[in-house]
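Take a look at the letters that make up each chain.
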Amino acid sequence: MALRCLTGRLGHPGSLRYREGLFSSWNAVAFTSTTTAGNKIVHERETLVKEHPHIDLTFSNHKEAFRSKTTKELIRAYCVFQICSIPLIVNNNNKLMKLARAILGANLFRKLMKMTFYGHFVAGEDKVAIRPVVSRNRQFGVKSILDYSAEEDLSDEKVKKTDERAFKPEQMSEISKEPDHQRFQSQLEIRNRHKNVVSSRTYYYEGEEHCDRNMEIFLDAIDGVADATNKTGFCAIKLTALGRPELLIQMSDALVSTHEFFNNLISTEESEGEDRQEFRDDVTRGFNRKEFVLKLRELGVTVTDEDCERWFSMLDLGQDGHVDIFDWDNLLDVNMELSKLFAVPDPETGELKSLIKRMPLEAEMEMRNMLQRVDNIARYAMERDVRVMVDAEQSYFQPAINRLTMELMKKFNKDKAIIFNTYQAYLKAAYDSIKLDLDTAYRNNVYFGAKLVRGAYMEQERARAAAIGYEDPINPTFEATTAMYHKVLRKVMRTIQTREKGRVAVMVASHNEDTVKYTVELMKEYGVHPDDKVICFGQLLGMCDQVSFPLGQAGYSVYKYVPYGPVEEVLPYLSRRATENKGILAKVKKEKRLLRKEIWRRITRGQFLNPPPVRSVLCC
């Protein structure tokens, strides 16, 4: 299959765009100073705190929430949410849609879907048809993340056959069979990754040509973002769409193994409390040559002085006599030979041993193909001045996805944030992960972009952990996940203050009103103004409008995930939306109440047939 030729400029000078306005009032002028012991050097930084726009954080203003909608659209939304509140219909939605298609025929079925679920949750069939929705939302302060949502509704039998091609148990490493690495096994009986997942699409490996087609779809989506959003939007991608998933699992195993070995080398008997861990400086944690030798002996590793010197020289890439996590991570640099990529240190001997018994030439070529597809997408996005959101996936893929995304940031985020990573707050490792990546971006002097979500794979993750027998990677409760989300947000706010404005940009992607309210209050506390454009909010099209549109019209940076694709091919997506809305009945109940109020207000005010007013809120 011919791949498109990527041409054009590779770099865009300048920094993240943000609008600096003139304000009639200032809340305060604050000075911060730090004194270094001995030198008595004082650094002063003047911080001007702008007044935040007023917004009703109860998110109960139905007029502002639905100002951009026609009354016909409000009635459709109310009917859709009403249907989503009926368990019998939602639990059998796939069967009912197939029955409706059989009775009505293809044409009438498509019209019915466009009048109801498809019309509410999906913007259109292609990147041209979505433009009216994208343009109107933008007029009311809401930008777009384009997501091509066409997918095949796979049967369990077809999924099993697909995964049998994707996963090769005979290549499983000895390390991945150890108790601490059980989650990196590829178990056929639980590989149906789309089960119990209602918030995210699942990709299955069907060959290299299929991955090439997925890449072309993402490249087309980048064109759609550039053309339909005036380059203010994002394109969302998933790395499992671009290569054999087993390769990501193996790379994740290697990364976790090397990090565990590093932590063993720097560990002390002193335990750290949660507060101390939150404020700990991981940039400087590491070891010098003497500490390296002593720790190896403490761990019982028998090596000669010559071997220690050779090892340390190899690790100390900065040649400063100190090895930190960034030096250590370069052992797994994606530009190294792939045979070295799949080698990890043995905790007992200190010798490097292969993660897999043999790396076949075919698998090595597939890994190179995956990396090339990812690179092509990032390069083309930079040429078109479009930002790319790399979606999070299951925890056994995530270490590799995080690492590859950070490699993309180091390569493409030198002048502005093009690549954004995604962090799932329901993971116990969420804080450590984003903290390390923020430090990595700082160390490499690149722009850092991220999206924060709660997580989409909770039921599946817990079932897999229980079935295989490893520790559940998910926080135990909803409250624990909320606490993790808030902890990550505080770290982001502190980092925004310490780096040059615009160097850190984060999207709070949440339908939880309390999380959005907490973020707005944190922005005020840390002096982060909406016009700085470093904190933005994200919700799905057709959901949570009472949050998105008031925020956007008040001047906050807001995005909608905008799905598009042919009617028949987005039915699995629509099925997930129906199931998701059934699972959050309390929120749907509030949206239905606000919809009723707005419809009644228009009837009583004689505005039932009035079109939405023409608005123009600056989105940048």
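Here the structure is shown first, and the text comes after it.
Residues numbered from 1 in each chain as written. Predicted model: local features only at pLDDT ≥ 70, side-chain atom pairs only at ≥ 80, totals over all residues. Heavy atoms only, no water.

Let us look at the overall build of the protein. When you go through the protein residue by residue, the secondary structure sums to 23 helices and 14 strands. Here the protein holds 620 residues, and 55% of them are scored as buried. A fraction of 79% describes how many contacts in the protein between residues 6 or more apart in sequence connect residues 24 or more apart. (Helix = DSSP H or I, 4+ residues; strand = E, 2+ residues; numbered from the N terminus. Buried < 20%, exposed > 50% of the residue type's maximum accessible area, 1.4 Å probe, protein only. Contact = heavy atoms within 4.5 Å.)

You will see that Asp385, though not glycine, has its phi angle at about 60°, which is positive. Backbone geometry at Asn445 places phi at a positive 55°, although glycine is not the residue there. Structurally, Asn445 can be placed in the loop between α17 (430-443) and β11 (448-453).

Right, let's get into the sheet that holds strand β10 (residues 419-424). The strand order β3-β4-β9-β10-β11-β12-β13-β14 describes a closed barrel built from eight strands, whose pairing is parallel. On average, each strand axis in the sheet is inclined to that of its neighbour by 30°, with strand direction left out of account. Relative to strand β9 (residues 387-390), strand β4 (residues 234-237) is paired through four bridges, and the arrangement is parallel. Following the sheet pairing, Ala236 is matched in β9 by Met389. Seen against the sheet, helix α8 (residues 208-228) touches β3 (142-148), β4, β9 and β14 (557-564) and runs at an angle of roughly 165° to β4. (Pairing = 2+ DSSP bridges. Axes fitted to C-alpha atoms, helices over the stretch in contact; angles between N-to-C directions.)

Counting residues in each nonpolar core, the largest one holds 95 residues, and the members touching the most others are Phe448, Ile535 and Leu551. Among the elements that line this core, the one with the most residues is helix α15 (residues 361-383), at eight residues. Within the second largest apolar cluster, 32 residues are counted, among which are Val80, Ala100, Tyr573 and Ala578. (Core = buried A, V, L, I, M, F, W, Y, C linked by side-chain atoms within 4.5 Å.)

Moving on, we get to the pairing of β3. Counting buried residues along β3, six of its seven residues qualify, which places the element largely inside the surrounding structure. By the bridge criterion, seven bridges tie β3 to β14 in an arrangement that is parallel. What sits directly across from Ile145, in β14, is Tyr561.

Note on placement: Glu393 falls in the loop between β9 and α16 (398-412). Of the polar contacts made by the side chain of Glu393, one reaches the side chain of Thr240; its length is 2.5 Å. Excluding anything up to four places from it in sequence, Glu393 contacts Lys238, Leu239, Thr240, Gln398, Ile401, Gln424 and Tyr457. (Polar contact = N/O pair within 3.5 Å; in protein donor to acceptor, adjacent residues only side chain to side chain.)

Of all nine residues in helix α21 (residues 545-553), nine are buried; the element is thus mostly enclosed. Restricting attention to buried positions, one finds in α21 the residues Asp545, Gln546, Val547, Ser548, Phe549, Pro550, Leu551, Gly552 and Gln553. A positive phi of about 110° marks Gly555, the residue just after α21.

This next bit is on the side chain of Gln398. Here Gln398 shows up in helix α16. A polar side-chain atom of Gln398 sits 2.8 Å from the main-chain amide nitrogen of Glu393. Apart from residues lying up to four places away in sequence, Gln398 is in contact with Ser252, Ala392, Glu393, Thr422 and Gln424.

What the rule picks out here adds up to 24 salt bridges. Salt-bridge contacts for Glu208 lead to Arg373; the nearest nitrogen and oxygen are separated by 2.7 Å. In this pair, Glu208 is assigned in helix α8 and Arg373 in helix α15, connecting sequence segments 165 residues apart. By relative accessible area, Glu208 is classed as buried at 18%. Notably, a salt bridge pairs Arg503 with Glu500, separated by 3.8 Å at the nearest N-O pair. (Salt bridge = Lys/Arg side-chain N within 4 Å of Asp/Glu carboxyl O.)

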